[in-house]
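In case you want the letters, here they are:
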Amino acid sequence: GQSASTLAWVGPIPMRTSTTMRTTRSMPSRPATTLCMASDDFCVAVLGDLHIDPRKMEDYETGRAQWLPIIDEAKEAHGNVALCSLGDLGESKNCDHNPNNPSELFAGTTICHETASDFLGSFGVPYEVIGGNHDLEGIDEFSTDAENLDLFLNAHGKPSPNFIREIADKTLLVGLSSTVFRDAKYTSHEVTVDKEQCEWFEQTLQDHPADEGWKIFVFTHAPPNGSGLRVLQENHVVNGCCWLNHSNDAECRKFIELVREHRCIKGWFSGHFHLGQDYQDSITFPTIDPKDGPYPNRGSCVFVQTSVMRSGSSRDGRQQSRMIRGNKEGFEICTVDHKDGGKVRLDATITYRDDTNEVGVYAHGDIADTDEKFFKVYQPSAGDELHPPDEGYIGDRWTDDGTLLVVDEITQDTKAWWNMACGRVLGMLNGMLIEYDPSTLAPLGLIVGADELVGKKIAVIDSGLEECLIDDGELNPGMEGAECEGMEAREQAVLLIDEADGQVTVVQPNEDGSYWRKIVRNKMIRMKEARRIKAAKLFAEDELKFGEEAKVVPSWGPYMSTSGTAKKTGVAGLTTKAENM
């Protein structure tokens with residue numbers, strides 16, 4: 001953890017906040033010999049998802065050894081140094097850590113957070129940490145999220161899930177934690193920032209405006225919707241755990257709206273995807289040259305993806321951390337490459353033009369293998385006054401009767417997107433039907449899996465009663481009857497057409513109007529479902545004498561795995577064949 005003495009050189013920052021959200025630690029007065037803020041230079045070590053496995057500490061020991069000379073050099077140069085961990089501190093599996101419970105997951109337990117605290121506290125500088133989607137996963141040790149959160153805070157010396165630190169003159173580090181796991185409405189691996197933290201964050205931005213010279217660097221486990229960072233279609237997108245507060249439309253979009261409104265936000269660092277830092281789109285700039293495409297509308301903020309330290313946690317073989325080096329003129333984003341002896345590589349330079357504008361320059365292009373499979377997910381582009389929509393846009397192909405028909409049979413390579421009359425945006429990629437955010441056009445989630453969609457056609461038709469439609473006249477006839485209550489000006493139906501067997505499937509939206517399938521449920525529920533399936537299987541084999549070939553089929557929906565990934569939408573026994581569980 002962190003002691004008061006290690007924090008003595010960081011001055012507290014008075015903040016207007018609610019009594020439930022403390023923003024600073026209680027700290028003694030600063031020693032006269034302290035170097036803090038003697039200059040405007042600063043250095044921040046940013047560590048991605050650690051997923052510590054106490055049986056495999058070699059990579060962590062190597063990584064720390066590589067960081068220490070970098071940190072010591074910055075401490076000697078100016079003293080404005082800190083470390084920030086982006087959460088997911090423990091491995092989400094049993095690590096032989098509890099002989100009394102050989103099935104207990106390591107993540108989220110007391111021993112997990114104490115181990116992480118010892119590690120993070122061994123770099124010789126103060127550390128800050130935020131909670132990721134696995135940090136409250138001590139489900140065998142703690143019965144509630146509140147109990148698990150208390151352990152997390154106590155282990156790391158945190159008074160609250162959020163943090164704020166003035167690293168240099170008018171330069172703040174601000175962090176927000178995920179505080180929901182057991183109580184998640186959908187997938188437990190959604191990164192959910194609670195209402196109190198969101199309100200505190202907005203107030204912090206209002207209290208530190210750009211026109212007064214404030215510069216804020218934000219740290220969250222997952223990035224916000226609209227960041228433009230490389231994401232995993234086959235994992236985080238289809239399961240609704242890609243962005244902060246992903247499953248709630250308004251909350252999910254709120255973060256990018258704050259970025260656009262408050263140009264004091266200069267950088268936003270996240271992890272979560274376990275992808276490396278060699279891709280150019282692991283960093284996205286707030287503005288780009290018009291010749292390169294439409295204006296991205298990301299305020300004054302540079303979004304930055306952070307990789308992992310341990311080889312066993314990497315999805316693409318990279319083992320890297322981030323470093324921020326800055327001063328009053330701007331900042332550099334660097335990679336510390338743990339597979340290359342801790343070599344420091346410059347990735348991007350951001351220069352402040354004034355308090356609300358900056359220029360970013362990449363130091364290199366993609367550094368990727370020729371067989372790289374972690375491609376950037378296709379994201380539609382609506383264009384702007386200088387650029388037309390991308391070639392996948394088919395929203396200009398509506399017929400006079402209001403029908404949009406995708407004529408060609410859909411394949412894995414089909415790319416197309418359009419706006420529904422209600423404002424929702426749908427599109428196809430990799431044989432899947434995906435919903436995109438109307439404002440940022442970032443992918444939200446899976447509507448129809450390739451298992452149901454490939455080989456079929458899609459039609460969008462008017463489905464409202466004719467007498468309910470509103471015309472262009474001032475009297476607006478229609479919408480008079482009770483049967484029209486609650487209808488939109490133009491109601492539509494999305495159809496899947498299977499010409500081979502003459503079947504038409506209606507894709508119904510959710511109750512909130514969204515289309516993406518929120519089918520990945522809370523992990524606690526899924527674990528109970530898996531145990532019921534296992535018990536039924538044993539009963540069928542032993543008591544009913546059905547043998548090992550016994551067929552056990554769940555009655556609920558397509559998703560019964562505890563793995564956290566749902567790539568298919570077919571319902572066993574209904575739209576696809578029943579599966580032997």
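Residues numbered from 1 in each chain as written. Predicted model: local features only at pLDDT ≥ 70, side-chain atom pairs only at ≥ 80, totals over all residues. Heavy atoms only, no water.

**Side note on the overall build of the chain**
- When helices and strands are tallied, the chain shows eight helices and 21 strands.
- When the 581 residues of the chain are sorted by exposure, 54% land in the buried category.
- Contacts in the chain between residues at least 24 apart in sequence constitute 67% of all its contacts with a sequence separation of at least 6.
- A total of about 25300 Å² of accessible surface is found on the chain, and carbon and sulfur atoms cover 49% of it. (Helix = DSSP H or I, 4+ residues; strand = E, 2+ residues; numbered from the N terminus. Buried < 20%, exposed > 50% of the residue type's maximum accessible area, 1.4 Å probe, protein only. Contact = heavy atoms within 4.5 Å. Areas by Shrake-Rupley, 256 points an atom, 1.4 Å probe, with all protein chains shown as cover.)

**So, helix 6 (residues 249-261)**
- When the terminal C-alpha atoms of helix 6 are compared, their 18 Å separation across 13 residues agrees well with the 18 Å that a helix rising 1.5 Å per residue should span.
- Along helix 6, the helix axis deviates most sharply at Phe-255, where the bend reaches about 30 degrees.
- Residues Asp-249, Cys-252, Arg-253, Phe-255, Ile-256, Leu-258 and Val-259 constitute the buried set of helix 6.
- The inward-facing, buried residues of helix 6 contact helix 4 (195-207), strand 7 (265-270) and strand 9 (302-305). (Expected span 1.5 Å × (residues − 1). Bend = angle between axes of the 7 residues up to and from the residue.)

**Section: the pattern of salt bridges**
- Using the criterion set out here, one finds 17 salt bridges in the structure.
- In this structure, Arg-182 and Asp-145 form a salt bridge, with 2.8 Å as the shortest nitrogen-oxygen distance. Here Asp-145 lies in helix 3 (residues 145-155) and Arg-182 lies in the loop between strand 5 (171-175) and helix 4, a separation of 37 residues in the sequence. Each member of the pair, Arg-182 as well as Asp-145, carries the same accessibility label: buried.
- Between Arg-345 and Asp-347 there is a salt bridge whose closest N-O contact spans 2.7 Å.
- Taking the relative accessible area as the measure of exposure, Asp-347 reaches 2% and is therefore buried. (Salt bridge = Lys/Arg side-chain N within 4 Å of Asp/Glu carboxyl O.)

**A word on the packing of aromatic side chains**
- As enumerated under the stated definition, the model contains 12 aromatic pairs in all.
- Both rings, one in Phe-331 and one in Tyr-352, keep their centres 6.1 Å apart while their planes meet at 50 degrees; by these two values the pair is tilted. With a gap of 21 residues between them, Phe-331 in strand 11 (residues 330-337) and Tyr-352 in strand 12 (residues 343-352) connect regions that are remote in the sequence.
- According to the relative accessible area criterion, Tyr-352 is buried, its value standing at 10%.
- Members of the aromatic cluster, joined through ring pairs, are Phe-42, Phe-217, Phe-331 and Tyr-352. (Phe/Tyr/Trp six-rings, centres within 6.5 Å; stacked < 30°, edge-to-face > 60°.)

**What to know about the nonpolar core**
- The biggest cluster of nonpolar side chains holds 33 residues, and the ones touching the most others in it are Leu-47, Leu-50, Trp-67, Leu-83, Phe-119, Leu-120 and Phe-123.
- Of all elements in the fold, only strand 1 (42-47), helix 1 (58-77), strand 2 (81-85), helix 2 (110-120), strand 3 (127-129), helix 3 and strand 11 reach the threshold of two or more residues within this core.
- Every residue in contact with Leu-50, bar those within four places of it in the chain, is listed here: Tyr-60, Ser-85, Gly-87, Asp-88, Leu-89, Phe-119, Leu-120, Arg-310 and Ser-313.
- Grouped together as the second largest cluster of nonpolar side chains are 29 residues, Cys-242, Leu-404, Leu-426 and Tyr-515 included. (Core = buried A, V, L, I, M, F, W, Y, C linked by side-chain atoms within 4.5 Å.)

**Looking at a nonpolar patch on the surface**
- Where nonpolar side chains cluster on the molecular surface, the patch consists of Phe-539, Leu-544 and Phe-546 and spans about 320 Å² of accessible area.
- Mapping Leu-544 onto the fold places it in the segment after helix 8 (523-542). (Patch = residues over 30% accessible without salt bridge, like charges linked within 9 Å, V, L, I, M, F, W, Y side chains within 5 Å.)

**Notes on the confidence of the model for the chain**
- A residue-level look at the chain finds 81% of positions with pLDDT of 70 or above and a mean pLDDT of 83.
- In this model, residues 1-37 is a region of pLDDT below 50 whose contacts with residues beyond four sequence positions or in other chains number 80 contacts.
- Contacts for the low-pLDDT stretch residues 467-487, under 50 throughout, to residues beyond four places or in other chains number 22 contacts. (pLDDT = per-residue confidence, 0-100.)

**Section: the packing of helix 2 against helix 3**
- As a packed pair, helix 2 and helix 3 sit with axes 9 Å apart at the nearest point and diverge in direction by 20 degrees. Comparing their axes, helix 3 and helix 2 come out roughly parallel. In terms of crossing hand, the pair formed by helix 2 and helix 3 is right-handed. Of the residues in helix 3, those in contact with Thr-110, His-113 and Ser-117 of helix 2 are Leu-151, Phe-152 and Ala-155.
- Of the residues in the contact of helix 2 with helix 3, the class split is three nonpolar, three polar and no charged. (Axes fitted to C-alpha atoms, helices over the stretch in contact; angles between N-to-C directions. Parallel < 35°, antiparallel > 145°, perpendicular 65-115°, else oblique. Left-handed = near helix turned anticlockwise from the far one by under 90°. Nonpolar A, V, L, I, M, F, W, Y, C, P; charged D, E, K, R; others polar.)

**Structural notes on a negative patch on the surface**
- On the surface, a cluster of negative charge is made up of Glu-114, Asp-118, Asp-140 and Glu-141.
- Taking the relative accessible area as the measure of exposure, Asp-140 reaches 45% and is therefore partly exposed. (Lys, Arg positive; Asp, Glu negative; His and termini not counted. Charge placed at Lys NZ, Arg CZ, Asp CG, Glu CD.)

**A short note on unusual backbone geometry**
- Even without a glycine there, the phi angle at Asp-96 is positive, about 55 degrees.
- In this fold, Asp-96 is placed in the loop between strand 2 and helix 2.
- Overall, the relative accessible area of 60% leaves Asp-96 in the exposed class.
- Even without being a glycine, Lys-170 presents a positive backbone phi close to 55 degrees.
- Relative to the assigned elements, Lys-170 resides in the loop between strand 4 (163-168) and strand 5.

**What to know about the sheet that holds strand 12**
- The strand order 3-2-1-10-11-12-13 describes an open sheet built from seven strands, whose pairing is mixed. Looking at strand neighbours, the two that pair on one side only are strand 3 and strand 13 (358-362), the edges of this open sheet. Each strand of the sheet is rotated relative to its neighbour by a mean of 20 degrees, with strand direction disregarded.
- Two strands pair when backbone bridges link them, and strand 12 and strand 13 are joined in this way by five bridges, in the antiparallel orientation. Paired with Tyr-352 across the two strands is Glu-358, which belongs to strand 13. (Pairing = 2+ DSSP bridges.)

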